Amino acid sequence: MMPFPAGQHILLGITGGVAAYKSADLVRRLSSQGAEIQVVMTEAAKAFISPLTLQALSGRPVRDTLLDTEAESGMGHIDLGRWADTLLVAPASADFIAKLAGGLASDLLTTVCLATAAPVVIAPAMNQAMWLKPATQRNIQTLAADGVHLIGPDSGEQACGDIGPGRMLETWDIISELESLNVKKSLAGIKVTVTAGPTWEALDPVRGLSNHSSGKMGYAVAEAALKAGAEVNLISGPTTLSPPRDVVLHHVRSADEMLNAVKRVATDCDIFIGVAAVADYRPSQIEMSKIKKDAKHVTLELIRNPDILSWVTSQETKPFTVGFAAETDNPLEHARQKLEKKSLDIIAVNHVSADHSPFGSDENQLVVITPDEDIDLGRHPKTRLASTLIDTISKKFHESYKT
Ligand code: CTP
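Residues numbered from 1 in each chain as written. Predicted model: local features only at pLDDT ≥ 70, side-chain atom pairs only at ≥ 80, totals over all residues. Heavy atoms only, no water.

1. Thoughts on the domain arrangement of the protein chain
What the domain assignment reports for the protein chain is domain 1 (9-182) and domain 2 (191-400). When each unit is reduced to the centre of its C-alpha atoms, the spacing between domain 1 and domain 2 is 42 Å. (Domains from an automatic or database assignment.)

Rendered as structure tokens:
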């Protein structure tokens, strides 16, 4: 399963139904994925689950009253609607669905649904006969036409003993559906260029200098950017990986070829992310024929490769630029020096040690360094880390336009 975008504000509406017991688990799991949760309950929901439980799990007092002067002077229903990146109602009862389809604003939850510009996602839960009734089906069609996202219901044995459709989806299925709906497209319309993999610096037609980079991290970053809604150009050195669907892939071998591809696409991009392990040096000359082992000693002369990131940041209209650094000693200090030297907006650093090398592994550990702060993203599978990294980049990118 892909991770849920970290830091996303989810307003979780809970309405009356036995499935409300699953909402506690939903709050816990979404929070552990890094989402911030504000619970809003209807009166009927409180008969099934205690607000205190949800307050403890979400870390925020539950909101349940529309006409609460104290609450309205703080975060009122309009502010709640603005705060939410996504409004998820789980379980959504037949009564709530009817009210939403009718555009009612009769309690706090229906009012916030009406007031918000955020996507509204509902996970219905009710008896199978109620679900199948024409009135409910009509309401569901109205909501779908209004742009409300429907997840579930599941079919099977119900709490009342009936068998049929109407059961709320299980927690992980809800989280997974939310993820695939990709309701938070933080990079919609943004052009992102990612470099990935190693470079290959030829010595002769059969030999060359390269490194251990597998390209996995760069490909995961490209995929996470795609999921966040970006248009992605992926400039890749030699790897054995299949590219994510929908990226524009540019195959290159050497650092020089990578730079040329970057020159073609990066001038028209908003965010540039250099994940590639670019060779710093290349042989000063490439032999046209295979080097024979006649000589006892061979001396290789290497010359410096161009620095791709520095070329990107030296452009007049430079994109928001993110570098990567793999360091063995004083990783944070060295990464900070690279951030400044290459005029980057962000550098993501991993500490390479004898015990932990990111090369070829499915896991990685990253600290993100910006001119203002260090953010430890922890050690995770590369796909999950890439998604958290893209969330951080997206946040900083959008902030850079506000200042
Ligand atoms: N990079 C680049 N062009 C190069 C070398 C590196 O764009 N010729 C980029 C990498 O894609 C990475 C960042 O620079 O985003 C840092 O790479 P790294 O190899 O850690 O740093 P170097 O600048 O090569 O410094 P050093 O090898 O001395 O640590």
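2. Observations regarding the pattern of salt bridges
Close approach of charged atoms allows side chains with opposite charge to pair. Enumeration over the complete set of coordinates arrives at 19 salt bridges. Residue K99 pairs with D95 through a salt bridge whose shortest N-O separation is 3.0 Å. Separated by 4 residues within a single helix, K99 and D95 lie in helix α5 (residues 94-102), roughly one turn from each other. Ionic pairing is found between E399 and K396, a salt bridge with its closest N-O pair at 3.9 Å. Of this pair, E399 and K396 both sit in helix α14 (residues 382-402), 3 residues apart, roughly one helical turn. According to the relative accessible area criterion, E399 is partly exposed, its value standing at 33%. One salt-bridge network, in which partners are shared between bridges, spans D25, R28 and R29. (Salt bridge = Lys/Arg side-chain N within 4 Å of Asp/Glu carboxyl O. Helix = DSSP H or I, 4+ residues; strand = E, 2+ residues; numbered from the N terminus. Buried < 20%, exposed > 50% of the residue type's maximum accessible area, 1.4 Å probe, protein only.)

3. A closer look at a nonpolar patch on the surface
Residues Y281, V298, L300 and L302 make up a contiguous nonpolar surface patch of roughly 380 Å² in combined accessible area. Tracing the backbone through its elements, the reader meets Y281 in strand β14 (residues 281-283). (Patch = residues over 30% accessible without salt bridge, like charges linked within 9 Å, V, L, I, M, F, W, Y side chains within 5 Å. Areas by Shrake-Rupley, 256 points an atom, 1.4 Å probe, with all protein chains shown as cover.)

4. What to know about the pairing of strand β7 (residues 163-167)
Note: strand β6 (residues 154-157) against β7, 4 bridges, orientation antiparallel. Paired with D154 across the bridge in β7 is R167. Adjacent in sequence and paired antiparallel, β6 and β7 are bridged by 5 residues, among which G161 carries a positive phi angle near 100 degrees. (Pairing = 2+ DSSP bridges.)

5. Some thoughts on the packing of α5 against helix α8 (residues 134-145)
At a minimum axis separation of 9 Å, α5 and α8 run at an interaxial angle of 50 degrees. The orientation of α5 relative to α8 falls into the category oblique. Crossing angle aside, the handedness with which α5 passes α8 is left-handed. Where α5 abuts α8, its residues I97, A98, L100 and A101 lie against N139, I140, T142 and L143. Here the contact of α5 with α8 is composed, by residue class, of 6 nonpolar, 2 polar and no charged. (Axes fitted to C-alpha atoms, helices over the stretch in contact; angles between N-to-C directions. Parallel < 35°, antiparallel > 145°, perpendicular 65-115°, else oblique. Left-handed = near helix turned anticlockwise from the far one by under 90°. Contact = heavy atoms within 4.5 Å. Nonpolar A, V, L, I, M, F, W, Y, C, P; charged D, E, K, R; others polar.)

6. Description of the side chain of S23
Along the chain, the position of S23 falls in helix α1 (residues 20-32). What makes S23 buried here is its relative accessible area of 0%. One polar contact links the side chain of S23 to the main-chain carbonyl oxygen of A90, over a distance of 2.9 Å. When near neighbours in sequence (up to four residues on either side) are disregarded, S23 contacts L12, I14, L54, A90 and P91. (Polar contact = N/O pair within 3.5 Å; in protein donor to acceptor, adjacent residues only side chain to side chain.)

7. Things to note about α8
Helix length check: α8, at 12 residues, gives a terminal C-alpha distance of 16 Å against a target of 16 Å (1.5 Å per residue), a fit within 8%. Buried within α8 we find T136, N139, I140 and L143. Buried residues in α8, looked at end-on, bunch into an arc of 100 degrees, giving them a common side. Turned more than 90 degrees away from the buried face of α8 sit P134, R138, Q141 and A145, all of them exposed. In this fold, the buried residues of α8 make contact with α5, β4 (120-124), α7 (128-132) and β5 (149-150). Just downstream of α8 lies G147, where phi reads positive at about 95 degrees. (Expected span 1.5 Å × (residues − 1). Arc of directions from axis to C-beta.)

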